Amino acid sequence: MSLVGLPEAAVREAKDRVRAAIQCAQFEFPQRRITVNLAPADLPKDGGRFDLPIALGILAASGQIPLDALGGCEFIGELGLTGELRAIDGVLPAALAAADAGRRLVVPAGNGAEAALASRAEASTARTLLEVCAMLQGRKTLPAAVALPVRTATGPDLAEVRGQAQARRALEIAAAGAHHLLMVGPPGCGKTLLASRLPGLLPAASEEEALESAAIASVSGRGLDPARWRERPYRAPHHTASPVALVGGGAQPRPGEISLAHHGVLFLDELPEWSRQALEVLREPLESGTVTVSRAARSAEFPARFQLVAAMNPCPCGWAGDSSGRCRCSSDAIARYRGRLSGPLLDRIDLHLDVPRLPSAQLRPDAPAGESSSQVQARVVAARARQIARSGMPNAQLGPAALAAHCRLAEADQALLERAVDALQLTARSMHRILRVARTIADLAGAEAIASAHLAEAIGYRRVEFQGDSRAA
Ligand SMILES: [Zn+2]
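Sequence positions are assigned chain by chain, starting from 1 and proceeding in written order. In keeping with the model being predicted, local features are shown solely for residues with a pLDDT of at least 70 and side-chain atom pairs are shown and tallied solely at 80 or more, while totals for entire chains, interfaces and linings include all residues. As a rule here, side-chain values come from all non-hydrogen atoms in the structure, and water together with hydrogens is ignored.

Comments concerning the sheet that holds strand E7 (residues 123-126)
Reasoning step 1: A pair of strands counts as paired when DSSP detects no fewer than two bridges linking them. We count a stretch as a helix when DSSP gives it H or I for four or more residues in a row; a strand needs E for two or more, and each element gets its number in order from the N terminus. Sheet architecture is open: three strands sit in the order E3-E6-E7, paired in parallel fashion. Each having just a single partner strand, strand E3 (73-75) and E7 make up the two edges of the open sheet. On average, each strand axis in the sheet is inclined to that of its neighbour by 25 degrees, with strand direction left out of account.
Reasoning step 2: Here E3 pairs with strand E6 (residues 104-108) via three bridges, running parallel. Bridging from a neighbouring strand, Cys73 pairs with Arg104 of E6. The axes used here are C-alpha line fits, helices contributing only the stretch in contact, and every angle between their N-to-C directions lies in the interval 0 to 180 degrees.

Below is the structure:
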């Protein structure tokens, strides 16, 4: 028996599993030369998913199951030596593709809940090769794949964040306009706490968005929890992660963290500690929402429309600018530290925010709690709906033409913006960034036009400066 069509090691081993499973199911393994052709030949095949279709092909070709029963059906699943069907990765995208092709899909019982997420698909489940054959021989009906009840999200709540009024406000603006956000502050000021609350402030994912995120989790081999598929992803990789782990790649191109965060939030803590290479490859997806990974002759494009929340200390020791005066970093060391971040990367982050250490009185457990995530989310949803109605996209994605159309300023405000651009030595890109943020602030206020207060607040999120060795104010 030979396998052709770029089978990887796990697929080549299908020979042994298929032979054993067929014999265990009391069928006859044909005593003749068998060639299994996996088409298309130029696409590498990986994993155990081809076992079941290979076994059924052999049984049909040798007349042991009716060939015509296979019409209109697709099969996917790994076989154990005794013929039991094992769960595999990537069932959700397979179910969506089978539905689009108008065919029924049979999956291992362990993948039933995942296949059922594709509500337009007609999927049934089987526990063994024998059950599948009994169905094909018309002796048995297979149970339909059933979805698990969706667990209600119990993500971390904004109410648990004490104080930090300014940071909470910036987080709300980021959520409303889908703006990327950079937080600068000393260790322990709550940057991680704040970032992890962002998914709970975003508008609920649409079914199509949730399916796209779930499909990526499914093919990534990191597992998909079918009960939590409606939650927006939140990924927080450590800065020691390799560029491949971050953006995807490998011999068999696999999605990286930025794709696992598709339609969700990517939190990168200690931003200057990330390798320059890793940060530079972020630039393309930050702009386009997709990433192309290639290795040798193979390349793959993965969706990567994530919202970036980045965090960093103000200096190597973390305490520059703190009222305690404990920072002893030289201005050279601080400049080197900030210089690790390139201008083009920072230019793609709409909101820059200082997060100060809080006076301890505000951290007491009996300090008044802030608004809950659901209160803030209600305003975010309303502001986002205005954006979609006006331009069909969140403000963060507005191009120059849309900016000119929807972000007009009054004469005096235009002058204010130009003065700020001159004083802060901002680029044209930065000016666009201010306009997008001002538009979102106006949307949160329910205002048709951008007013002076909206613009002034937006300029405030540009005060953290990195390009020089000192912070412009
Ligand atoms: Zn320092």
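Observations concerning the packing of helix H7 (residues 165-177) against helix H16 (residues 373-391)
Reasoning step 1: In contact at an axis separation of 8 Å, H7 and H16 are set at 40 degrees when each is read in the N-to-C sense. In terms of axis orientation, H7 runs oblique to H16. Considering only the axes of H7 and H16, their crossing is right-handed. Every residue of H16 that contacts H7 at Glu172, Ala175, Ala176 and Gly177 is listed here: Val376, Arg379, Val380, Ala383, Arg384 and Gln387.
Reasoning step 2: Charged residues are taken to be Asp, Glu, Lys and Arg, nonpolar residues to be Ala, Val, Leu, Ile, Met, Phe, Trp, Tyr, Cys and Pro, and polar residues to be all remaining types, Gly included. A class-by-class count of the residues in the contact of H7 with H16 yields five nonpolar, two polar and three charged. Every angle not falling under 35 degrees, over 145, or within 65 to 115 is termed oblique; those three ranges are roughly parallel, roughly antiparallel and roughly perpendicular. For any pair of crossing helices, the crossing counts as left-handed if the nearer helix is rotated counterclockwise from the farther one by less than a right angle, and right-handed if it is rotated clockwise. What makes two residues a contact is simply this: any of their non-hydrogen atoms within 4.5 Å.

A closer look at the nonpolar core
Reasoning step 1: Counting 50 residues, the largest nonpolar core has Leu181, Met183, Val309, Leu353, Leu455 and Tyr461 as its most contacted members.
Reasoning step 2: Counting residues in each nonpolar core, the second largest holds 32 residues, with Leu52, Leu59, Phe75 and Leu142 among its members. Definition of nonpolar core: a set of buried residues of the types Ala, Val, Leu, Ile, Met, Phe, Trp, Tyr and Cys, connected through side-chain atoms within 4.5 Å. Here the term buried applies to any residue with accessible area under 20% of the maximum for its type, exposed to any over 50%, and partly exposed to those in between, with areas from a 1.4 Å probe on protein chains only.

What about the environment of Cys73?
Reasoning step 1: When you line up the elements, Cys73 lands in strand E3.
Reasoning step 2: Classification of Cys73 as buried rests on a relative accessible area of 12%.
Reasoning step 3: Between the alpha carbons of Cys73 and Thr240 there is a distance of 45 Å; along the sequence they are 167 residues apart.
Reasoning step 4: If we ignore the near neighbours within four places in the chain, the residues touching Cys73 are Arg103 and Arg104.

As for the sheet that holds strand E16 (residues 351-354)
Reasoning step 1: Judged by pairing direction, the sheet is parallel, and its five strands sit side by side in the order E9-E12-E15-E8-E16 without closing on themselves. Edge positions in the open sheet fall to strand E9 (234-235) and E16, since each of these has one partner strand only.
Reasoning step 2: In this structure, strand E12 (residues 265-268) lies alongside strand E15 (residues 307-312), joined through four bridges in parallel fashion. Among the inter-strand pairings, Leu268 is bridged to a residue of E15, identified as Ala310.
Reasoning step 3: Along the sheet, H7 makes contact with strand E8 (181-184), E15 and E16, crossing E16 at roughly 165 degrees.

What to know about H7
Reasoning step 1: Its 13 residues place the ends of H7 19 Å apart at the C-alpha level, agreeing with the 18 Å of an ideal helix rising 1.5 Å per residue.
Reasoning step 2: Counting buried residues in H7 gives ten out of 13 residues, a clear majority hidden from the surface.
Reasoning step 3: Among the residues making up H7, those that are buried are Ala167, Arg168, Ala170, Leu171, Glu172, Ile173, Ala174, Ala175, Ala176 and Gly177.
Reasoning step 4: Looking one or two residues beyond H7, the residue adopting positive phi is Ala178, at roughly 60 degrees. Under the convention used throughout, the expected extent of a helix is 1.5 Å for every residue step, that is, one less than its residue count.

Overview of unusual backbone geometry
Reasoning step 1: A cis amide bond links Ala39 to the next residue, Pro40, at an omega of 0 degrees.
Reasoning step 2: Its place among the elements puts Pro40 in the loop between strand E2 (35-37) and helix H3 (51-61).
Reasoning step 3: A positive phi angle is found at His263, which is not glycine, with a value near 65 degrees.
Reasoning step 4: Assessed through its relative accessible area of 14%, His263 is described here as buried.
Reasoning step 5: We note that Glu270 has phi near 55 degrees; this positive angle belongs to a residue other than glycine.
Reasoning step 6: Following the sequence through the fold, Glu270 ends up in the loop between E12 and helix H12 (276-280).
Reasoning step 7: Given the relative accessible area of 28%, Glu270 is considered partly exposed.

A word on the packing of aromatic side chains
Reasoning step 1: Working definition: rings of Phe, Tyr and Trp (its six-membered ring) pair if their centres are within 6.5 Å, and the pair is stacked with planes under 30 degrees apart, edge-to-face with planes over 60 apart, and tilted otherwise. The final tally for this structure, using the stated rule, is zero aromatic pairs.
Reasoning step 2: The ring of Trp319 is capped by Arg326, whose NZ or CZ atom sits 3.9 Å from the centre of that ring. Criterion for a charge above a ring: Arg CZ or Lys NZ at most 6 Å from the ring centre, at most 35 degrees from the ring normal.

A short note on the domain arrangement of the chain
Reasoning step 1: For each domain, the first and last residues come from an automatic or database assignment. According to the domain assignment, the chain contains domain 1 (2-136) and domain 2 (158-460).
Reasoning step 2: For domain 1 and domain 2, the distance between their C-alpha centres works out to 43 Å.
Reasoning step 3: Between domain 1 and domain 2 the total buried area reaches about 1,100 Å² when both faces are included, carbon and sulfur atoms providing 60% of it.
Reasoning step 4: Any carboxyl oxygen of Asp or Glu that lies within 4 Å of a side-chain nitrogen of Lys or Arg is treated as forming a salt bridge with it. Joining domain 1 to domain 2, the criterion identifies one salt bridge.
Reasoning step 5: A salt bridge links Asp46 to Arg254; the shortest N-O distance between them is 3.3 Å.
Reasoning step 6: Polar contacts, as counted here, are pairs of nitrogen or oxygen atoms within 3.5 Å of one another; within protein the pair requires one atom able to donate a hydrogen and one able to accept it, and residues that are adjacent in sequence qualify only if both atoms are side-chain atoms. One can count five residue pairs in polar contact (both at pLDDT 80 or more) joining domain 1 with domain 2.
Reasoning step 7: It is helix H4 (residues 91-100) that provides the largest number of residues to the side of domain 1 that touches domain 2, a total of four residues.
Reasoning step 8: For the side of domain 1 that touches domain 2, the class distribution of residues is seven nonpolar, two polar and four charged. The term buried area denotes the loss of accessible surface (1.4 Å probe radius) that occurs when two parts are joined, taken as the sum for both partners.

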